[in-house]
Structures are given as structure tokens and as C-alpha cells.
Amino acid sequence: MTPQPEAAPLWGAAASTPPVLPAAERGATVIPDKVVARIAARAAKEALATHTDTAGAHAKLAGPRASATIGSGTARLGLTLDLPYPADLAGVSRRLQDYVSERVAHLTGMRVTEVTLAIEHLIPADGLERRRVQ
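Presented here is an overview of the structure given in this document.

The rules we used
- Residues numbered from 1 in each chain as written.
- Predicted model: local features only at pLDDT ≥ 70, side-chain atom pairs only at ≥ 80, totals over all residues.
- Heavy atoms only, no water.
- Helix = DSSP H or I, 4+ residues; strand = E, 2+ residues; numbered from the N terminus.
- Contact = heavy atoms within 4.5 Å.
- Areas by Shrake-Rupley, 256 points an atom, 1.4 Å probe, with all protein chains shown as cover.
- Core = buried A, V, L, I, M, F, W, Y, C linked by side-chain atoms within 4.5 Å.
- Buried < 20%, exposed > 50% of the residue type's maximum accessible area, 1.4 Å probe, protein only.
- Salt bridge = Lys/Arg side-chain N within 4 Å of Asp/Glu carboxyl O.
- Pairing = 2+ DSSP bridges.
- Polar contact = N/O pair within 3.5 Å; in protein donor to acceptor, adjacent residues only side chain to side chain.

### Description of the overall build of the protein chain
Thinking step 1. What the protein chain contains, in helices and strands, is three helices and three strands.
Thinking step 2. Along the chain direction, N to C, the helices and strands of the protein chain fall in the order α-α-β-β-α-β.
Thinking step 3. Within the protein chain, contacts between residues at least 6 apart in sequence are counted, and of these 71% link residues at least 24 apart.
Thinking step 4. As displayed, the protein chain has an accessible area near 9,600 Å², and 54% of this comes from carbon and sulfur atoms.

Written as C-alpha cells, this is what we have:
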């Protein structure tokens, strides 16, 4: 049996640590559209739970759905959701857009350029039973 030659270190005999490349040459973190959309949907759910006054309708609200379009470090978001009623719809919508935009930007590092809302249903907080004429 012949002895195997000793393997040379990958970065040279004198170097004990790998060379450090500049940040621009190391690569980039890529976050898929689907992941950003899930983050946006979760943020919308958080916003609805904390920024609306009508707690009675929350049990009936469907979970928000989201879509995202990513490009050049920016994100455009679309949300489809139910909102509680009665409420200041313009105010709730604005707070929801702001919260989702800030939350997605914080968690992904992307600049959010647009958050569009599609409100599918208005869910009464008191229920329909109280409003029927007898």
C-alpha cells in the first residue's frame, strides 16, 4: 500500500480563511412572488384584527387572499378581502394598505410601490337577525 499525498488546503498553504468577496459579488437573496403574497395576506389578517373596531364580524370574515408582482427590489401587492360593516371603509382601507405596505417592506427588504384592495363582502358586525323587520 502506498501512502496518499496530503491534500493541499483549498485557499493556499498560507491562508487559513476563505477570501471575502465584496457584497455586490456574493449574490442576492431571491424571494418568490408566492412568498411575498403569503406575507401580505398574513399582514392583512393582522391589520384587520388590530385596526378595526367591530369585533363581532371577525369570526365571519374570510381570510384575506393576496397576490404579488416582484421586480427590481420592488413589490406590487393586491389584496382580496372581506371588511366588517359598519365601519369607516375609507379609513380602514387606508390603514390596512399602510400596515401591509410597512410590514411587507420590513420583512422582505423590498420597497412596496402599490397595495390595491378588492373588497368582496361587507360583513355586518351585529348580524342580519337584528335588522329584519318583524
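Let's pick the thread back up.
### Let's talk about the nonpolar core
Thinking step 1. Among the nonpolar cores identified, the biggest contains 21 residues, and Val 36, Leu 77, Leu 79, Leu 96, Val 100 and Val 104 are the most heavily contacted of them.
Thinking step 2. Within the residue set of this core, elements represented by two or more residues are helix 2 (33-51), strand 2 (74-85), helix 3 (89-108) and strand 3 (111-124).
Thinking step 3. The dominant element in this core, judged by the number of residues it contributes, is helix 2, at eight residues.
Thinking step 4. In this structure Leu 79 touches Ala 40, Ala 41, Ala 44, Arg 65, Ala 66, Val 100, Val 115, Thr 116, Leu 117 and Ala 118, once residues within four positions along its chain are discounted.

### A few points about the pattern of salt bridges
Thinking step 1. With the rule as written, the count across this model stands at three salt bridges.
Thinking step 2. Between Arg 103 and Glu 46 there is a salt bridge, and its shortest N-O distance comes to 3.4 Å. Linking Arg 103 in helix 3 with Glu 46 in helix 2, this pair joins segments that are 57 residues apart in sequence.
Thinking step 3. The salt bridge partner of Arg 76 is Glu 114, with a shortest N-O separation of 3.1 Å. Of the two residues, Arg 76 sits in strand 2 while Glu 114 sits in strand 3, which places them 38 residues apart along the sequence.
Thinking step 4. Exposure remark for Arg 76: the relative accessible area of 46% places this residue in the partly exposed category.

### Examining the pairing of strand 1 (residues 65-71)
Thinking step 1. With seven bridges joining them, strand 1 and strand 2 adopt antiparallel strand pairing. Bridge assignment links Ala 66 to a residue of strand 2, and that residue is Leu 79.

### As for unusual backbone geometry
Peptide bonds are trans in most cases, and residues, glycine excluded, mostly fall at negative phi.
Thinking step 1. Tyr 85 connects to Pro 86 through a cis peptide bond whose omega is 5°.
Thinking step 2. Looking at where Pro 86 falls in the secondary structure, it is placed in the loop between strand 2 and helix 3.
Thinking step 3. The phi dihedral of Ser 72 falls on the positive side, at around 55°, and the residue is not glycine.
Thinking step 4. Topologically, Ser 72 is positioned in the loop between strand 1 and strand 2.
Thinking step 5. Residue class for Ser 72 comes out exposed when judged on its relative accessible area of 82%.

### Some details on the side chain of Asp 82
Thinking step 1. Within the fold, Asp 82 resides in strand 2.
Thinking step 2. In terms of polar contacts, Asp 82 uses its side chain to reach the backbone amide nitrogen of Ala 62, at 3.3 Å.
Thinking step 3. Looking at Asp 82, its side chain comes within polar contact range of the side chain of His 121, at 3.1 Å.
Thinking step 4. In this structure Asp 82 touches Leu 48, Leu 61, Ala 62, Glu 120, His 121 and Ile 123, once residues within four positions along its chain are discounted.

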